[in-house]
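# Secondary and tertiary structure notes
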Amino acid sequence: MAVEIEMRARFTKETHDQLVTRLKADGEDLGPDDKHIYFYVLPDQLLKVTDNTAAGTAKITLKGSRIGQGAAFAETEFAIAPADVPAAVKVFNALGFETSMHEAFNFRHNFRFDEVEIAVKWSEAWGYHAEFEVLLEDGASGAARAEAEARITDVAAALGVTLMPEQELADFTAAFEAAEKERKEREQQAAPIR
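Residues numbered from 1 in each chain as written. Predicted model: local features only at pLDDT ≥ 70, side-chain atom pairs only at ≥ 80, totals over all residues. Heavy atoms only, no water.

This part covers the overall build of the protein. Looking only at helices and strands, one finds four helices and nine strands in the protein. Once the C-alpha set of the protein is aligned to its principal axes, its extents read approximately 55 × 40 × 35 Å. For the protein, restricting intrachain contacts to residue pairs at least 6 apart in sequence, the fraction spanning at least 24 positions comes to 61%. Split by element, the accessible area of the protein, about 10600 Å² in all, is 53% carbon and sulfur. Considering the protein, the positive charge centre built from 21 side chains and the negative charge centre built from 35 side chains are found 5 Å apart. (Helix = DSSP H or I, 4+ residues; strand = E, 2+ residues; numbered from the N terminus. Contact = heavy atoms within 4.5 Å. Areas by Shrake-Rupley, 256 points an atom, 1.4 Å probe, with all protein chains shown as cover. Lys, Arg positive; Asp, Glu negative; His and termini not counted. Charge placed at Lys NZ, Arg CZ, Asp CG, Glu CD.)

Here is the structure:
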């Protein structure tokens, strides 16, 4: 298990393009990282089944909290075969998590800048956005976590990106989840009875 210190930003296509140009010039290009993700939003956790289409890999990840509940995420993950992604989704759906599931495709490109990994992304739900991340060992001290958050904040500022405050993240994800729940209810009501 590890602790991921993660902060996010949403921005326009123009800012996205400027950020990518800057990172290609001054950062380390880690390559494309497109992913098809099944998110299961649990009361205090986030469970994901990820098919990393760019790398030809897959994994199941349990994050110990949800977006908008702080920058630190305890994270447990293990690899699965890409061919097993449908079976993993079927299992989690059969366990009753289907109502909390959101499916998304993320177009993303990864970079490293001043020891911070940055995934510059686009998805239907988030639009153009980025995740700034530092991975720490499980049990990292509060000082190490604070230092990682400060490093992310400094890197974002150096790149001209405004990070989203936790309340904004919480509000954004709550609005998305409510809209998804409403959409699923409409689809269920419109579905023919068999």
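All right, on to a nonpolar patch on the surface then. A contiguous nonpolar patch, built from Phe105, Phe107 and Trp122 and spanning about 270 Å² of accessible area, is present on the exposed surface. With respect to the helices and strands, the residue phenylalanine 107 is situated in strand β7 (residues 101-113). (Patch = residues over 30% accessible without salt bridge, like charges linked within 9 Å, V, L, I, M, F, W, Y side chains within 5 Å. Salt bridge = Lys/Arg side-chain N within 4 Å of Asp/Glu carboxyl O.)

Here we come to helix α2 (residues 85-97). Compared with the 18 Å implied by 1.5 Å per residue over 13 residues, the 15 Å span of α2 between its first and last C-alpha is markedly short. Within α2, burial applies to Val85, Ala88, Val89, Phe92 and Asn93. Along the long axis of α2, the arc covered by the buried residues comes to 135 degrees, so they all point the same way. In α2, those exposed residues whose orientation departs by more than 90 degrees from the buried face are Pro86, Lys90, Ala94 and Leu95. Taken together, the buried residues of α2 touch β3 (35-41), β4 (46-52), β5 (57-63), β6 (72-80) and β7. (Expected span 1.5 Å × (residues − 1). Buried < 20%, exposed > 50% of the residue type's maximum accessible area, 1.4 Å probe, protein only. Arc of directions from axis to C-beta.)

It is worth spelling out the side chain of histidine 129 at this point. Along the chain, the position of histidine 129 falls in strand β9 (residues 127-137). Residue classification places histidine 129 among the buried positions, given a relative accessible area of 1%. If sequence neighbours within four positions are ignored, histidine 129 has contacts with Ala9, Arg10, Phe11, Ala119, Val120, Lys121, Trp122 and Ser123.

Relative to the elements of secondary structure, arginine 145 occurs in helix α3 (residues 142-158). The partly exposed category is assigned to arginine 145, whose relative accessible area is 28%. Put simply, arginine 145 and valine 3 are 142 residues apart on the chain and 8.8 Å apart in space, counted from C-alpha to C-alpha. In contact with arginine 145, other than residues within four places in its own chain, are Val3, Ile5, Ala72, Leu136 and Ala140.

Looking now at the nonpolar core. Of all hydrophobic cores here, the largest spans 26 residues; its most connected members are Leu19, Leu23, Ile118, Phe132, Ile152, Leu159 and Val161. Excluding residues that lie within four positions of it along the chain, leucine 23 makes contacts with Glu28, Phe111, Phe113, Ile118, Val120 and Leu159. Within the second largest apolar cluster, 13 residues are counted, among which are Ala58, Ile60, Ile80 and Phe92. (Core = buried A, V, L, I, M, F, W, Y, C linked by side-chain atoms within 4.5 Å.)

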